[in-house]
Amino acid sequence: MFLDYYNLQPLLTAIHAALCSIMPEELAIFLEGLAVGVFILVLYAVLAIILIYMERKVCAAFQCRIGPNRVGGKGGLLQVPADVLKILTKEIIELKKSDHFLYNLAPFLVILASILTFSCLPWNKGGEILHMNIGIFFVLAASSIGVLGILLAGWSSNSKYTLIGAVRSGAMIISYELSIGLVVLTMVMMSGTMDIQEIVNNQANGWNIFKGHLPAIVAFIIYLIAGNAEANRGPFDLAEAEQELTAGYHTEYSGMHFGFFYLAEYLNLFITAGIATTLFLGGWMPLHIAGLDGFNAVMDYIPGVLWFVGKTFFIVFLLMWIRWTFPRLRIDQVLILEWKYLMPLSLLVLLAMTVCKVFGWVF
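Because the structure is a prediction, the values reported are computed rather than measured. (Residues numbered from 1 in each chain as written. Predicted model: local features only at pLDDT ≥ 70, side-chain atom pairs only at ≥ 80, totals over all residues. Heavy atoms only, no water.)

Turning next to the overall build of the chain. Secondary structure assignment for the chain yields 15 helices and zero strands. Computed over its C-alpha atoms, the radius of gyration of the chain comes to 22 Å, within 12% of the 21 Å expected for a compact globule of 363 residues. Summarising its shape, the C-alpha atoms of the chain cover approximately 65 × 60 × 45 Å along the three principal directions. A total of 363 residues make up the chain; the buried ones form 47% of that total. Residue pairs at least 24 apart in sequence account for 78% of intrachain contacts in the chain once pairs closer than 6 positions are excluded. Seen as two clouds, the 20 positive and the 24 negative side-chain charges of the chain have centres 12 Å apart. (Helix = DSSP H or I, 4+ residues; strand = E, 2+ residues; numbered from the N terminus. Rg over C-alpha atoms; globule rule 2.2 N^0.38 Å. Buried < 20%, exposed > 50% of the residue type's maximum accessible area, 1.4 Å probe, protein only. Contact = heavy atoms within 4.5 Å. Lys, Arg positive; Asp, Glu negative; His and termini not counted. Charge placed at Lys NZ, Arg CZ, Asp CG, Glu CD.)

Rendered as structure tokens:
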């Protein structure tokens, strides 16, 4: 069993009690919320920089290139900060014939959906920023807001390229949300709860991908494919097909408005991997092997946040591997893959997991 060495809840409770002892509770809650908000934004930005640099290096490795090697020495460590500075200082151009309100609103909807789902990731025991007993349901609901921003961006820009890109992306995301929902429902039924912390706690004696037999493994593969499509990543990035649409639904955006779309894409990649880690790989739970008590005790000493981040970046690498290995699909191929193959297979996996759960075949 998992030994609770690094539970953050006692520390957070002590901080709250200390603040309440020197100020009114309402003010303490306000300051805590403000601190958490700043922490989320800083962590969000730092992870985006790490992921962009990682993507460039992984892409270069797969294509036998060097990657960033100028700004910041041979490793190009300062290339991404230089790009961030450039995008922050670029002018935001307003289009004359666009719907100005919706045009400006769209990037904020995309970033809002990303931050809400990012806040639900269980980094450690007691380290989930938004914790509720229907956490998985909230994640699915919040993530669906992003497609509204994409559709609004394409329509309000008053350009045929952005409109086609938005329609493509909207059709793809809405379609693949069905497979993601069914796979998530499969793992929720296996765990018996929608509380994200409880889903992780139930994996203290084994990760779901091992406890759930073949249905859990197939569900994991379906989730990786559908999650890649949901995040608009290759080979499903047909909304940004440069040869056809220039840049897709954000063609007419510039400056930090374009930066919001770019930022959300990379953080959605991390969120997709984080949810996979939570549902299938035990979240912040360490690796335990039955019968190896000494090994298990050593694993317990590694902080949960390191387990979560390590597993998540492993899945991020898998998703990047997929992107830089397979060619981009056509829109008809993308939709055929979902409606003819993934969704029926997801229903079968859900049925198989139901049978396993009813007959007690789940470890």
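Under the counting rule described, the total for this entry stands at six salt bridges. The salt bridge partner of R56 is D83, with a shortest N-O separation of 2.8 Å. With R56 in helix α2 (residues 25–62) and D83 in helix α3 (residues 79–89), this residue pair connects regions lying 27 residues apart in the sequence. In the salt-bridge network here, residues are joined through shared partners; they are E55, R233, E265 and R323. (Salt bridge = Lys/Arg side-chain N within 4 Å of Asp/Glu carboxyl O.)

Let's shift gears to the packing of aromatic side chains. Going through the model one piece at a time under the given rule, you end up with 19 aromatic pairs. Considering the side-chain rings of F317 and W321, the 5.8 Å spacing of their centres and the 50 degrees angle between planes classify their relative orientation as tilted. With F317 and W321 both in helix α14 (residues 304–323) and four residues apart, the pair spans about one turn of that helix. When its relative accessible area of 41% is taken as the criterion, W321 is described as partly exposed. Pairwise contacts between aromatic rings join Y44, F118, W123, F270, F308 and F313 into one cluster. (Phe/Tyr/Trp six-rings, centres within 6.5 Å; stacked < 30°, edge-to-face > 60°.)

Now for the packing of helix α10 (residues 213–230) against helix α12 (residues 255–280). Interaxial distance between α10 and α12 falls to 10 Å at its minimum, and their mutual angle equals 170 degrees. Taken together, α10 and α12 sit at an angle that is classed as roughly antiparallel. Between α10 and α12, the contacting residues are A216, A219, F220, Y223 and G227 on the first element and T272, I275, A276 and F280 on the second. (Axes fitted to C-alpha atoms, helices over the stretch in contact; angles between N-to-C directions. Parallel < 35°, antiparallel > 145°, perpendicular 65-115°, else oblique.)

A few words now on a nonpolar patch on the surface. Judged by side-chain polarity, L27, F30, L31, L34, V38, V42, V46 and I50 come together as a nonpolar surface patch covering roughly 680 Å² of accessible area. You can see L31 is positioned in helix α2. (Patch = residues over 30% accessible without salt bridge, like charges linked within 9 Å, V, L, I, M, F, W, Y side chains within 5 Å. Areas by Shrake-Rupley, 256 points an atom, 1.4 Å probe, with all protein chains shown as cover.)

Attention now moves to unusual backbone geometry. Non-glycine residue C64 carries a positive phi angle of around 55 degrees. Despite not being glycine, H213 has its phi angle at roughly 60 degrees, a positive value. Mapped onto the elements, H213 comes out in helix α10. Judged by relative accessible area, which is 28%, H213 ranks as partly exposed.

Right, let's get into the nonpolar core. Core analysis: the biggest nonpolar cluster contains 82 residues, and Y44, F118, Y176, F270, L279, F280 and I315 have the highest contact counts within it. The element that contributes the greatest number of residues to this core is α12, accounting for 14 residues. Beyond its immediate stretch of four places on either side in the chain, F270 contacts L47, L51, F118, L121, W123, T312, F313 and V316. (Core = buried A, V, L, I, M, F, W, Y, C linked by side-chain atoms within 4.5 Å.)

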